[in-house]
Amino acid sequence: MYIVPEVLALHADMRNWRRQIHQYPETAFEETATARLIAEQLQCLGIEVHQGLAKTGVVGVLRRGGSAHSIALRADMDALYIQEQNDFAHASCHHGKMHACGHDGHCAMLLGAAHYLVQHGRFDGTVYFIFQPAEEARAGAHQMIQEGLFEQFPAQRVFGMHNFPDFPVGHFAVKTGAMMASFDCFEITLIGQATHAAMPHLGNDVLVAASHLVTQLQTIVSRRINPADPAVVSVTQIHGGNTWNALPGSVLLRGTYRSFKDSVRTQLEQGIQHLAQSVAGSFNLTVDICFNPENPGYPVTINTPDETASAVMAATAVAGADCVDTCPTPSMGAEDFAFMLQQKPGCYIWIGNGSSDGNCLLHNPNYDFNDKILPLGAAYWAKLVENELPC
Ligand SMILES: [Zn+2]
Ligand SMILES: [Zn+2]
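Along each chain, the written sequence defines residue order, and numbers are assigned to residues from 1. As a convention, the first chain written is A and the first ligand written is 1, with the rest following in written order. In keeping with the predicted nature of the model, local features appear solely for residues at pLDDT of at least 70, side-chain atom pairs appear and are counted solely at 80 or more, and the whole-chain, interface and lining totals rest on all residues. Excluding hydrogens and water, the side-chain figures rest on all heavy atoms present in the structure.

Novice: Give a description of the coordination of the zinc ion (ligand 1) that names residues and reports values.
Specialist: Ligation of the zinc ion (ligand 1) by protein atoms is provided by Cys101 (SG), Glu136 (OE), Glu136 (OE) and His363 (NE2), these donors lying 2.0 to 2.8 Å from the ion. Distances up to 2.8 Å from the metal define which N, O and S atoms are donors, and 3.2 Å serves for Na, K and Ca; water is absent from the atom set, so sites may look incomplete. One chain supplies every donor for the zinc ion (ligand 1), spaced along it as C-x34-E-x226-H. For the pair the zinc ion (ligand 1) and the zinc ion (ligand 2), the metal-to-metal distance amounts to 3.1 Å, and Cys101 bridges them. Here the residue Cys101 occupies a position in the loop between strand 3 (70–76) and helix 4 (103–120), and Glu136 occupies one in the loop between strand 4 (125–132) and helix 5 (140–146), the gap between them amounting to 35 residues. Judged by its relative accessible area of 7%, Cys101 falls in the buried class. The classification of residues rests on relative accessible area computed with a 1.4 Å probe and restricted to protein chains. Under 20% of the type maximum is buried, over 50% is exposed, and intermediate values are partly exposed. For Glu136, a relative accessible area of 15% puts it in the buried group. The way it works is that DSSP assigns letters per residue, a run of H or I at least four long becomes a helix, a run of E at least two long becomes a strand, and they are numbered from the N terminus.

Novice: A description of the sheet that holds strand 12 (residues 250–259) should follow, citing residues and the corresponding values.
Specialist: By this definition, two strands are paired if DSSP reports at least two bridges between them. A sheet is described by the order of its strands in space; here four strands give the open sequence 10-12-8-13, paired in antiparallel fashion. For this open sheet the edge positions go to strand 10 (231–239) and strand 13 (286–291), each flanked by a neighbour on one side alone. Neighbour to neighbour, the strand axes of the sheet diverge by 20 degrees on average, direction disregarded. Where strand 8 (residues 182–191) lies against strand 12, ten bridges are found, and the strand directions are antiparallel. Its bridge partner being in strand 12, Thr189 is matched across the sheet by Leu252. Here helix 7 (residues 206–224) sits on the sheet in contact with strand 8, strand 10 and strand 12, set at roughly 165 degrees to strand 10. We call two residues in contact when some of their heavy atoms are within 4.5 Å. Between N-to-C directions, angles cover 0 to 180 degrees, with each direction set by a line fitted to C-alpha atoms, over the stretch in contact for helices. Against the sheet, helix 8 (residues 262–282) touches strand 8, strand 10, strand 12 and strand 13, its axis set at about 165 degrees to strand 13.

Novice: Any chance you could break down the packing of aromatic side chains for me, citing the residues and the numbers?
Specialist: Only centres within 6.5 Å qualify two rings of Phe, Tyr or Trp (six-membered ring in Trp) as a pair; their planes then separate them into stacked at under 30 degrees, edge-to-face at over 60, and tilted for everything else. Applying the stated criterion across every chain yields a total of eleven aromatic pairs. Taking the centre distance of 6.2 Å and the plane angle of 40 degrees together, the rings of Phe167 and Trp350 count as tilted. Pair noted here: Phe167 is in the loop between strand 5 (157–164) and strand 6 (172–173) and Trp350 is in strand 16 (residues 346–352), with a separation of 183 residues, a long-range link. Given the relative accessible area of 18%, Phe167 is considered buried. The exposure class assigned to Trp350 is buried, which follows from its relative accessible area of 1%. What links up through ring pairs into an aromatic cluster is the set Phe164, Phe167 and Trp350.

Printed below as a string of structure tokens:
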């Protein structure tokens, strides 16, 4: 690893910010204390700070020299609705909420980079530090864009980073094209006539219909989509019935579907619609189908070639060429940074969080961001800025 001493010297500060954010996790659009900590740190550095986009978003602007070139670096601030099961000193103090995706670490690394760039950075141009709310299923990036993010802060290119527990410490992974899948949700309500459990012939059994629908939905990927195109349909919730001896009048199914192509995304949506209607029809039920009730659906995260080359160059400078995987398998997970990549050329990179250190997978109640990688991430950001905005 090749981390400059000025970044290494920020390690303790970054660990303190990270653990403070971890201890007081805040979920979508409620990241007020997190935003305050970030804004205060940026202000202490003399960075121009803007607050309020998408309620809790923070944008720092750092200008140097006379160049018109600009770059945006983005971190996410939100936690998840998960009860933490760790018992270390910085475990969550907020019941039912935790930083199980490492966004605490993402904020700390970007703050570390801001400190380095203000104090030691050799660059000419403008750096926008974007701290966004609500990455997890609420599309905070989309809301910031809707509220004028890139009109107010017209960055030429955007870059994002996420920790990845599967990769070892000291490693990065990035590729041109699709890195992460699209993400959409569906909600299906099957409605019939409630009846006594002993007299099913006097009503409609919506639970049997729901069981058929769950298995039918699995045929979309296996029978309707080209096997060469990755896709997932998962039913994640079934709600219906209250007691042993009555058949309910309705049942609710919820789930998600993922893909890497718009055409496949459309096919999945049409398949869900068609099967829900036809299963409902075959059981003499009515059906309500709703797509993306809580967010606009996330597009595919697609890295552009030039910016990916820049990311590889910066990661290589920090980690060494042997530790930068330029051909990783894309993830069926999703990322609302995809909305920013629809607006600007840019690149989203994975930084290894080191599963060998005992850290669990993302969204696990025993997960913790690995503090060892804080200097690596900050050094990557700093190198990227110095490469992209040369003096
Ligand atoms: Zn997550
Ligand atoms: Zn995340």
